[in-house]
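Here is what each chain is made of, one letter per residue.
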Amino acid sequence: MSPRAGQAGHPARTLAFVESPVQLLNVLEWAHLHGLHDPGPSGPAEPSGADAGGVGAATASVPPPALPTQPGPAHIGPAHAGPAHVDHAHGGSAHAGPVPAVPAQGRRLPAGAAAAGAVAGGTAAGGAELTVVVLSPTDPMTRGQLRRMADLARDEGYRVRWEEARGGTTAPFHTIGGLAGSLRRADRIVMGDPFSRYVQLLLTITRARDLVVVDDGTATMEFVAQLARGERLVRWHRKGGRPGARDLLFAPVSSSARRRLTPSDRRRVEVFSSMPVTEIPDGVTVTANDFAWTRARFGPPRITQSADLVGTSLVETGVVDGDRYLEAVRNLAKAHGATRYFAHRRESAEKLHRLAAETGLEIVRPDLPLELIARRGPIGRTILSFPSTVVHTLPLALAGTGVRVAVCDIDPTWLTDTASPRAQGFLSGVTGTARDVHRLAAVSPA
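K.L.:
Any details on the environment of valine 405? Residues and values, ideally.
P.N.:
Tracing the chain through its elements places valine 405 in strand E15 (residues 404-408). Distance from valine 405 to leucine 394, taken between C-alpha atoms, is 7.4 Å for residues 11 residues apart in sequence. In this structure, valine 405 is in contact with Ile383, Val391, Leu394, Pro395, Asp436, Val437 and His438, ignoring residues within four places of it in sequence.

K.L.:
Before we move on, could you go through the pairing of strand E5 (residues 129-135) and cite the residues and values that matter?
P.N.:
Burial runs high along E5: seven of the seven residues are buried. Residues Glu129, Thr131, Val133 and Leu135 point to one face of E5 and Leu130, Val132 and Val134 to the other, with burial holding for every one of them. In this structure, strand E1 (residues 13-18) lies alongside E5, joined through six bridges in parallel fashion. Across the sheet, alanine 16 pairs through a bridge with valine 132, a residue of E5. Relative to strand E6 (residues 159-163), E5 runs parallel, the two being bridged by five bridges. In the sheet register, valine 134 faces E6, and the bridge partner there is tryptophan 162.

K.L.:
Would you mind going over the packing of aromatic side chains in detail, with residue names and values included?
P.N.:
A complete count under the given rule lists four aromatic pairs for this structure. When the centroid spacing of 6.3 Å and the interplanar angle of 85 degrees are considered together, the rings of phenylalanine 195 and phenylalanine 223 count as edge-to-face. Taken together, the residues span a long stretch of sequence, with phenylalanine 195 in the loop between strand E7 (188-191) and helix H5 (197-203) and phenylalanine 223 in helix H6 (residues 219-229) at a distance of 28 residues. Residue phenylalanine 223 is classed as buried on the basis of its relative accessible area, which comes to 1%. Ring geometry for phenylalanine 386 against tryptophan 414: centres 6.2 Å apart, planes inclined by 80 degrees, an arrangement best described as edge-to-face. On the criterion of sequence distance, the pair formed by phenylalanine 386 in the loop between strand E14 (379-385) and helix H12 (390-397) and tryptophan 414 in the loop between E15 and helix H13 (423-432) is long-range, its members being 28 residues apart. For the pair shown, phenylalanine 386 and tryptophan 414 are each scored as buried. A connected cluster of aromatic rings, assembled from ring pairs, spans Tyr325, Phe386 and Trp414. The residue whose ring lies beneath arginine 147 is tryptophan 162, and the NZ or CZ to ring-centre distance is 3.8 Å. Positioned above the aromatic ring of phenylalanine 298 is the side chain of arginine 297, whose terminal nitrogen or guanidinium carbon lies 4.9 Å from the ring centre.

K.L.:
I'd love a proper account of the environment of aspartate 290, names of residues and values included.
P.N.:
Note on placement: aspartate 290 falls in the loop between strand E10 (284-288) and helix H8 (292-297). Aspartate 290 sits 106 residues away from leucine 396 along the chain, and the two C-alpha atoms are 5.8 Å apart. Reaching out from aspartate 290, the side chain makes a polar contact with the backbone nitrogen of alanine 292 at a distance of 3.2 Å.

K.L.:
Summarise the confidence of the model for the protein; cite the residues concerned and give the values.
P.N.:
Confidence in the prediction of the protein, expressed as mean pLDDT, is 77, and 71% of residues score 70 or more. The model gives residues 1-6 a pLDDT under 50, and that stretch makes 23 contacts with residues more than four places away or in other chains. Throughout residues 38-73 the model reports pLDDT below 50, and contacts reaching past four residues in sequence, or to other chains, amount to 82 contacts.

K.L.:
Go over unusual backbone geometry with me, naming the residues and quoting the values.
P.N.:
Of note, the bond from glycine 299 into proline 300 is cis; its omega dihedral lies within 30 degrees of zero at 5 degrees. Among the structural elements, proline 300 can be located in the loop between H8 and strand E11 (303-310). Residues glycine 377 and proline 378 are joined by a peptide bond in cis, for which omega reads -5 degrees. In this structure, proline 378 sits in the loop between helix H11 (370-376) and E14. Positive phi, normally seen in glycine, also occurs at phenylalanine 291, with a value near 60 degrees. One can find phenylalanine 291 in the loop between E10 and H8.

Reading guide: rules and limits
Residues numbered from 1 in each chain as written. Predicted model: local features only at pLDDT ≥ 70, side-chain atom pairs only at ≥ 80, totals over all residues. Heavy atoms only, no water. Helix = DSSP H or I, 4+ residues; strand = E, 2+ residues; numbered from the N terminus. Contact = heavy atoms within 4.5 Å. Buried < 20%, exposed > 50% of the residue type's maximum accessible area, 1.4 Å probe, protein only. Pairing = 2+ DSSP bridges. Phe/Tyr/Trp six-rings, centres within 6.5 Å; stacked < 30°, edge-to-face > 60°. Lys NZ or Arg CZ within 6 Å of the ring centre and 35° of its normal. Polar contact = N/O pair within 3.5 Å; in protein donor to acceptor, adjacent residues only side chain to side chain. pLDDT = per-residue confidence, 0-100.

Given below as structure tokens:
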């Protein structure tokens with residue numbers, strides 16, 4: 001899809017809505033591929049939410065400085081398994097360990113200077129403007145990672161608008177009201193989570209002709225499949241259950257969003273994904289995300305001789321039994337000599353306390369998405385994971401480094417009684433479709 005999606009003679013106005021750090025990372029990857037940049041001080045002013053997040057005047061472009069050796073992310077021992085970030089009402093955060101600085105970099109030039117050929121290495125493409133709107137969640141870990149990613153987006157030259165979208169009962173009304181004008185003016189909408197009720201509600205306001213869905217992990221696979229089959233949009237781990245009262249109340253909005261996400265003569269739809277997409281709806285453009293921005297921006301990493309283990313929130317979402325999960329982590333770490341456990345941002349502090357105490361693993365709560373943490377290093381020569389997004393993304397982000405990604409299947413006996421009937425098949429599909437990974441059998445009790 002061309003960055004020039006606006007009216008003739010005008011740059012395309014793009015709004016990107018994100019609710020997680022991974023979504024924001026993939027917006028940056030998408031913008032990098034399409035050559036988007038900020039138009040500079042001459043562009044229209046964008047009001048902000050709780051965090052101004054505006055981009056100052058861009059400086060002359062210089063080659064990015066060599067990346068310094070980075071300290072590791074915040075580490076949590078058995079007695080310190082709380083969140084690494086405690087976000088306060090006005091954007092401050094407290095850290096439970098050393099947090100590495102985002103490396104400095106040269107900013108991109110305003111559109112006029114870029115057109116004059118002042119950008120090193122050639123002229124920036126498209127002249128399109130991008131504003132990233134963060135619909136901030138309440139979870140402290142997610143907020144902390146989002147603030148770090150927002151800093152990276154600003155450093156790349158994009159506008160960032162932070163919305164306290166869940167900051168009280170009236171917050172949604174203030175957020176939607178404040179965004180209505182920008183939504184109506186936007187030529188393109190980029191979204192990280194088409195299942196989000198917030199995003200679905202915002203889609204009813206926009207007149208944009210171009211809609212882009214960037215990866216929100218493995219949920220992207222399910223979204224594309226549901227769109228192709230004309231099904232209602234339901235997250236995979238909830239499918240099979242009876243709709244609740246809120247689902248029924250919101251059903252008209254969800255149906256409207258599904259119609260808007262269906263390509264037509266008046267609307268183009270792009271899916272930007274590193275996930276394997278097999279059921280492609282008619283008219284949908286699928287663009288591959290190969291993490292080119294991440295590889296150009298970070299690393300290569302220093303590689304250690306040990307193994308690292310990546311955690312999952314399948315216990316928190318009610319899919320996997322907590323005791324079975326702990327036993328699997330213990331056996332997997334023992335079998336492969338893992339010493340560190342990279343926690344998922346939604347894993348509970350209580351569960352991580354127990355993991356640290358009973359497995360001896362060093363618990364690490366990353367302050368950025370794992371793709372960036374791994375690319376910066378240090379990282380183990382082998383990365384062990386259960387079925388999750390990272391079995392698809394890490395081989396791309398770490399291409400050429402020699403790091404091996406291995407995935408362990410979820411044994412059906414680990415599933416809870418309340419898990420969706422589709423859970424086992426979906427998780428097996430995540431593992432089976434992963435490229436460039438080593439597949440491990442489900443670990444057995446010692």
